[in-house]
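# Architecture and fold: a report
Listed below are the residues making up each chain.
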Amino acid sequence: MAGTVNQSFPGKVDGCLAAPAPWLFALRCMVCGEPAARGRDLCIPCHIALPWQGPACRRCALPLPQPGECGHCLQSPPPLGEVHAVFDYAFPVDRLLPRLKFHRDFAAGRVLTQCMADRMAALPLPDAVIPIPLHRARLRGRGYDQALELARPLARALGIPLLEHALARRKTTRAQSRLDANARQRNLRDAFHVDAKRPLPAHVVLVDDVMTTGATLHAAARVLHQAGVQRIDGWVCARVA
Ligand SMILES: [Zn+2]
Ligand SMILES: [Zn+2]
């Protein structure tokens with residue numbers, strides 16, 4: 001891809017290059033390697049070419065010919081008020097999310113969070129943002145929680161409180177990606193519990209990296225409803241269609 005769009009690539013860097021500042025590594029587009037747009041980790045053509053989601057069902061974020069509600073959500077309304085996805089789960093988002101999730105690539109997370117903040121800023125903002133928590137055993141193994149890594153800077157960018165510990169996982173759930181939809185439901189029953197010590201606001205948004213069947217988000221939304229939250233929306237980085 002041509003790198004002629006961006007003329008802001010800095011020239012000479014003052015001082016010794018023996019210990020370059022971390023931002024020096026962020027000057028190249030993380031998709032194509034061309035100079036990145038100022039303050040971003042992507043070049044402008046790659047930013048435009050991201051798989052931005054088009055019209056979709058507002059209850060489940062599955063693509064539709066025009067915005068509205070899909071037949072499935074009309075027939076059996078999900079426990080989430082609205083769900084918004086920034087991307088379809090396609091190239092290069094299907095590479096950037098695993099880079100964050102499995103390889104601690106926080107620059108990939110930063111790119112995705114900036115895109116989420118740009119899109120979500122136009123939505124009705126909630127009273128608080130709650131990340132879908134990882135089970136503690138898996139958190140110990142991996143060291144960080146990708147939903148939290150997206151939710152924290154997103155909440156900061158939008159000026160919304162982050163309720164990091166409002167939800168917790170109750171028991172080990174097997175890796176959802178290996179299970180079919182029914183098994184996911186069984187696996188997730190009672191998977192979450194709400195921290196009863198803290199009062200919850202009326203309107204919260206659950207943040208997760210990828211939505212596949214929605215079973216995880218729905219399970220979390222059900223316990224929040226039981227805890228008295230009136231409206232629960234979902235914001236995800238990418239939707240698997
Ligand atoms: Zn690029
Ligand atoms: Zn739907």
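Residues numbered from 1 in each chain as written. Chains lettered and ligands numbered in written order. Predicted model: local features only at pLDDT ≥ 70, side-chain atom pairs only at ≥ 80, totals over all residues. Heavy atoms only, no water.

For the record, the criterion: UniProt positions are given in the numbering used here, feature names are shortened, and annotations may be inferred rather than shown by experiment.
As annotated in an unreviewed UniProt entry, the chain is ComF family protein from Thermomonas carbonis. UniProt, in its Sequence similarities (unreviewed entry) section for the chain, records the words "Belongs to the ComF/GntX family."

### As for the pattern of salt bridges
Filter applied, for reference: By definition here, a salt bridge exists when the distance from a side-chain nitrogen of Lys or Arg to a carboxyl oxygen of Asp or Glu is within 4 Å. Strands are runs of DSSP state E lasting at least two residues, helices are runs of H or I lasting at least four, and both sets are numbered from the N terminus onward. For each residue, the accessible area found with a 1.4 Å probe, counting protein chains only, is set against the maximum for its type, and the residue is called buried under 20%, exposed over 50%, and partly exposed in between.
Under the criterion given, the structure shown has eleven salt bridges. When the shortest N-O distance is used, the salt bridge between aspartate 41 and arginine 110 registers 3.2 Å. Taken together, the residues aspartate 41 in the segment before helix H1 (44–48) and arginine 110 in helix H4 (residues 106–120) connect sequence positions 69 residues apart. Residue class for arginine 110 comes out partly exposed when judged on its relative accessible area of 40%. Bridged by salt links that share partners, the residues Arg58, Arg59 and Glu69 form one connected network.

### Overview of the state of the cysteines
Selection rule: Note that a disulfide, as used here, is simply two cysteine sulfur atoms within 2.5 Å.
Per the counting criterion, the structure on display carries zero disulfides. With no disulfide of its own, cysteine 237 has cysteine 115 as its nearest cysteine by sulfur position, at a separation of 7.6 Å. Cysteine 237 sits in the buried class, given a relative accessible area of 0%.

### Examining the environment of arginine 186
Topologically, arginine 186 is positioned in helix H7 (residues 181–188). C-alpha of arginine 186 to C-alpha of alanine 215: the two residues are 29 residues apart in sequence and 9.7 Å apart in space.

### Some thoughts on the coordination of the zinc ion (ligand 1)
As a reminder, the rule being used: Only nitrogen, oxygen and sulfur atoms qualify as donors, and only when within 2.8 Å of the metal (3.2 Å in the case of Na, K and Ca); with water excluded, sites may look incomplete. Here the metal geometry follows the donor angles, with tetrahedral for four donors whose angles all fall between 85 and 135 degrees, square planar for four and octahedral for six when opposite donors are more than 155 degrees apart and every other angle is between 65 and 115, and irregular for all the rest.
Protein-derived coordination of the zinc ion (ligand 1) comes from Cys29 (SG), Cys32 (SG), Cys43 (SG) and Cys46 (SG), at a distance range of 2.3 Å. Between the four donor atoms coordinating the zinc ion (ligand 1), the angles at the centre fall across 101 to 117 degrees, so the site counts as tetrahedral. Motif for the zinc ion (ligand 1), donor spacing along one chain: C-x2-C-x10-C-x2-C. Separated by eleven residues along the polypeptide, cysteine 32 in the segment before H1 and cysteine 43 in the segment before H1 bring together distant segments of the chain. For cysteine 32, a relative accessible area of 30% corresponds to the partly exposed category. Here cysteine 43 falls in the buried class, since its relative accessible area comes to 3%.

### Quick look at the coordination of the zinc ion (ligand 2)
Ligation of the zinc ion (ligand 2) by protein atoms is provided by Cys57 (SG), Cys60 (SG), Cys70 (SG) and Cys73 (SG), these donors lying 2.2 to 2.3 Å from the ion. Viewed at the metal, the four donor atoms of the zinc ion (ligand 2) are separated by angles of 102 to 116 degrees, and the geometry they form is tetrahedral. Motif for the zinc ion (ligand 2), donor spacing along one chain: C-x2-C-x9-C-x2-C. On the criterion of sequence distance, the pair formed by cysteine 60 in the loop between H1 and helix H2 (71–75) and cysteine 70 in the loop between H1 and H2 is long-range, its members being ten residues apart. For cysteine 70, a relative accessible area of 11% translates into the label buried.

### Describing the pairing of strand E5 (residues 203–211)
Heads up, the rule is: Pairing between two strands is assigned when DSSP locates at least 2 bridges connecting them. Assignment of crossover handedness uses the view with strands pointing away from the viewer, where a clockwise path from the first strand over the helix to the second indicates a right-handed crossover.
Along E5, eight of the nine residues are buried, which leaves the element largely enclosed by surrounding structure. In this structure, strand E2 (residues 128–131) lies alongside E5, joined through four bridges in parallel fashion. Residue pairing in the sheet places isoleucine 130 in a bridge with leucine 206 of E5. Regarding the hand of the β-α-β motif, the stretch spanning E5, helix H8 (residues 215–226) and strand E6 (residues 231–239) is right-handed.

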